[in-house]
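Structural overview for review
So you can see what is in the structure, the chains are spelled out below.
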Amino acid sequence: MRKKRTFQMAAMAMTLMLLLSACAAGSPGTNTGTTGSTGEGGETPAGKTTISFWTPFSGGDGEFMTQMIEKFNAENQEVHVEQLANAAGDYYTKLQTAIASDQAPDLMVLHSSRMPQFVPSGFVTPLDDLAAESQLDWGEFNPTILESTIYEDKHYAIPLDTHAIVMYYNKEHLEKAGVLGEDGKPVYDQSPEGFKEFLTKIKDAVPADVAPLAQPDVRIDSYWMFWGFYNQMTDGGKFYDAEGKAELNNPQALEALEYVNSLYTSGLIPPKINDAVKLFQDKRAAVLITGVWSTGSFENIEGLDFGVVPMPQIYDQPATWGDSHTLTLPKHGTEDPVKQKAALTFAKWLADNGEMWAKAGHIPSTTRVLESQAFKDMPHRSDYAQSADFVKYWPRHEKQGQINDNIIKEFEKMMAGKQDPKTTLEKANAVIDKTSGN
């Protein structure tokens, strides 16, 4: 009883905080309504337990998830799933509000990077005891992906995938530049100078309106690329020290950031690119470094002859930025064991049928799916699937999302030519300490 009352009091406090925050921002309220749904709603199908499932998926992702839910509902005789597809932009605000007000769904998608926000707050249910009852074997999952869901030796989520940044390339442009191998893969020396030489050869060979490398000079893309290169270095990847203070301003980070900046200042990444994905779709980009989620959409572009490989390794070891969609059980004031079991049954089914989710481009979380013939028969996916073994997640910090947003602003100043990489890192370090309260 005491535990339940503590949760309810914490929930009320969080709800009040979120409502005040919404009012201060001029929001009309904290409506937890959704932008779409899958499921019949209304009465529960005879003999089935209905569970609610919240997702932030839209576009291609949303279509593939809807197909998976429809297939599960048609096949499973005991569980019926109703999906509430929220807009990605305010998904986590709505989710926090719903959990805090004890109106949470039975199952939710939670990015690994968001778990530091939810797990320490007690908003996510530990799964070990429930998983044992559902015969869930943690050994079936890729260990790198699984590690991102473990806190203090407890499992808090079933991993669905990893989605890393990879390198797409237009075969026609690379062949014209003489940097496409007989195997259809890019040819370059795995070094900072070698990758620049590769892009320079492309720049010299393609029409002036074709970008050698297409990257936006706003938003998060350059930050992802920096994080990948930075983690490829020996002693790279440092963000916080042992006391939790900022440690991003260091020689390795500066070298990686200076390299990223040089791709912009040299014109290998043309200026003022906003939609790099569309540029690649229109065949006006030779190379694009972005997430695996673009694979499915690129395959639907008529006449686009492209390939995809992992993030270019130009330093000491392979590494790339990535995140994972995971499946978690949100906390309720009073838990329903029947719905919890049903939610885990569906979550396990999603992971076990990862080849369907891989159609969107994501890398499945289970070893069995990765080794299946169905996955191997898919074009492109096997070309970058090994990225799951060396994906580097953001550090675990409850304010990491806010910290990243503020660092991106400093990166944008650098790409606009308003400050150099050294100043950018100094300011980023200050942002980390200020935002984290150190």
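- The name an unreviewed UniProt entry assigns to the protein chain is Sugar ABC transporter substrate-binding protein, from the organism Saccharibacillus kuerlensis.

1. Things to note about the overall build of the protein chain
- On a plain count of helices and strands, the protein chain comes out with 19 helices and 15 strands.
- The burial tally for the protein chain puts 54% of its 438 residues in the buried class.
- Relative to all contacts within the protein chain whose residues are 6 or more apart in sequence, the contacts with residues 24 or more apart total 77%.
- Accessible surface, the protein chain as shown: approximately 19,500 Å² in total, 48% of it carbon and sulfur.

2. Some words on the environment of Q281
- Looking at the element boundaries, Q281 is found in helix 11 (residues 276-281).
- Sequence separation of Q281 and L304 is 23 residues, and the distance between their C-alpha atoms is 7.0 Å.
- In contact with Q281, other than residues within four places in its own chain, are S297, F298, I301 and L304.

3. A closer look at the packing of helix 8 (residues 192-205) against helix 10 (residues 251-265)
- Taken N-terminus to C-terminus, the directions of helix 8 and helix 10 make an angle of 15°; their axes are 12 Å apart at the nearest point. The angle between helix 8 and helix 10 places the two elements in the roughly parallel class. Our pair here, helix 8 against helix 10, has a crossing hand that is right-handed. Mapping the contact onto sequence places P192, F195, K196 and L199 in helix 8 and Y259, S262 and L263 in helix 10.
- Looking at the contact of helix 8 with helix 10, its residues break down into five nonpolar, one polar and one charged.

4. Description of the pairing of strand 10 (residues 285-291)
- Of all seven residues that make up strand 10, seven are buried, and the element is covered over most of its length.
- Pairing analysis gives three bridges linking strand 9 (residues 211-214) to strand 10, with the strands arranged parallel. Counted as the bridge partner of A214 is L288 from strand 10.

5. Some remarks on the pattern of salt bridges
- Scanning all chains against the criterion turns up ten salt bridges.
- Where E75 meets K71, a salt bridge forms, and the shortest distance between an N and an O atom there is 2.6 Å. Within this pair, E75 and its partner K71 are both found in helix 2 (residues 59-75), separated by four residues, close to a single helical turn.
- Using a relative accessible area of 34% as the deciding quantity, one classes K71 as partly exposed.
- The partner of E197 in a salt bridge is K201, with the nearest N and O atoms 3.8 Å apart. Linking E197 with K201, this pair stays in helix 8, spanning four residues, or about one helical turn.
- On the accessibility criterion, E197 (46% relative accessible area) is partly exposed.

6. Remarks on the packing of helix 10 against helix 19 (residues 421-436)
- Across the interface, helix 10 lies against helix 19 with an axial gap of 9 Å and an inter-helix angle of 125°. As the angle between them shows, helix 10 and helix 19 are arranged oblique. The way helix 10 lies across helix 19 gives a crossing that is right-handed. Contact residues: helix 10 offers A253, L254, L257, E258 and N261, while helix 19 offers P421, K422, T424 and L425.
- Tallied by class, residues from the contact of helix 10 with helix 19 come to five nonpolar, two polar and two charged.

7. Notes on helix 8
- With 14 residues, helix 8 should cover 20 Å at 1.5 Å per step; its first-to-last C-alpha distance of 21 Å lies within 8% of that length.
- Among the residues of helix 8, P192, G194, F195, F198, L199 and I202 are the ones counted as buried.
- Of the surrounding elements, those touching the buried residues of helix 8 are strand 8 (161-170), helix 7 (171-177), strand 9, helix 10 and strand 10.

8. Some words on a negative patch on the surface
- On the surface, D189, E193, E255, E258, D316 and D420 cluster together to form a negatively charged patch.
- As for its position among the elements, D189 is in the loop between helix 7 and helix 8.

9. A word on unusual backbone geometry
- One non-glycine residue, Q135, lies in positive phi territory at about 55°.
- Here Q135 is to be found in the loop between helix 5 (128-133) and helix 6 (143-147).
- Of note in the backbone geometry, R219 takes a positive phi value of approximately 70° without being a glycine.
- Relative to the assigned elements, R219 resides in the loop between strand 9 and helix 9 (221-231).

10. Focus on helix 10
- Its 15 residues place the ends of helix 10 20 Å apart at the C-alpha level, agreeing with the 21 Å of an ideal helix rising 1.5 Å per residue.
- In this fold, the buried residues of helix 10 make contact with helix 8, strand 9, helix 9, helix 18 (400-415) and helix 19.
- For helix 10, the N-terminal cap is N250; the gap from its side-chain oxygen to the backbone nitrogen of Q252 is 3.1 Å.
- Downstream of helix 10 by one or two residues, G267 has phi in the positive range, about 85°.

11. Describing the confidence of the model for the protein chain
- Per-residue confidence for the protein chain averages 90 on the pLDDT scale, and 90% of its residues sit at or above 70.
- When the criterion is pLDDT under 50, residues 1-37 qualifies, and its contacts beyond four places in sequence or with other chains add up to 42 contacts.

12. Comments concerning the pairing of strand 13 (residues 325-328)
- The two faces of strand 13 match: H325 and L327 on one face and T326 and T328 on the other face are all buried.
- Inspection of the sheet shows strand 4 (residues 107-111) paired to strand 13 by four bridges, in the antiparallel sense. Paired with M108 across the strands is T328, a residue of strand 13.
- Pairing of strand 7 (residues 158-159) with strand 13 involves two bridges; the strand directions are antiparallel. Across the sheet, P159 pairs through a bridge with T326, a residue of strand 13.

13. Looking at the side chain of Q215
- Note on placement: Q215 falls in the loop between strand 9 and helix 9.
- Given the relative accessible area of 1%, Q215 is considered buried.
- Within the local environment of Q215, its side chain forms a polar contact with the backbone nitrogen of I289, the two atoms lying 3.2 Å apart.
- Excluding residues within four positions of it along the chain, Q215 makes contact with D221, M225, Y264, I269, I273, A276, L288 and I289.

About the thresholds
- Residues numbered from 1 in each chain as written.
- Predicted model: local features only at pLDDT ≥ 70, side-chain atom pairs only at ≥ 80, totals over all residues.
- Heavy atoms only, no water.
- Helix = DSSP H or I, 4+ residues; strand = E, 2+ residues; numbered from the N terminus.
- Buried < 20%, exposed > 50% of the residue type's maximum accessible area, 1.4 Å probe, protein only.
- Contact = heavy atoms within 4.5 Å.
- Areas by Shrake-Rupley, 256 points an atom, 1.4 Å probe, with all protein chains shown as cover.
- Axes fitted to C-alpha atoms, helices over the stretch in contact; angles between N-to-C directions.
- Parallel < 35°, antiparallel > 145°, perpendicular 65-115°, else oblique.
- Left-handed = near helix turned anticlockwise from the far one by under 90°.
- Nonpolar A, V, L, I, M, F, W, Y, C, P; charged D, E, K, R; others polar.
- Pairing = 2+ DSSP bridges.
- Salt bridge = Lys/Arg side-chain N within 4 Å of Asp/Glu carboxyl O.
- Expected span 1.5 Å × (residues − 1).
- Patch = residues over 30% accessible without salt bridge, like charges linked within 9 Å, V, L, I, M, F, W, Y side chains within 5 Å.
- Lys, Arg positive; Asp, Glu negative; His and termini not counted.
- Charge placed at Lys NZ, Arg CZ, Asp CG, Glu CD.
- Polar contact = N/O pair within 3.5 Å; in protein donor to acceptor, adjacent residues only side chain to side chain.
- pLDDT = per-residue confidence, 0-100.

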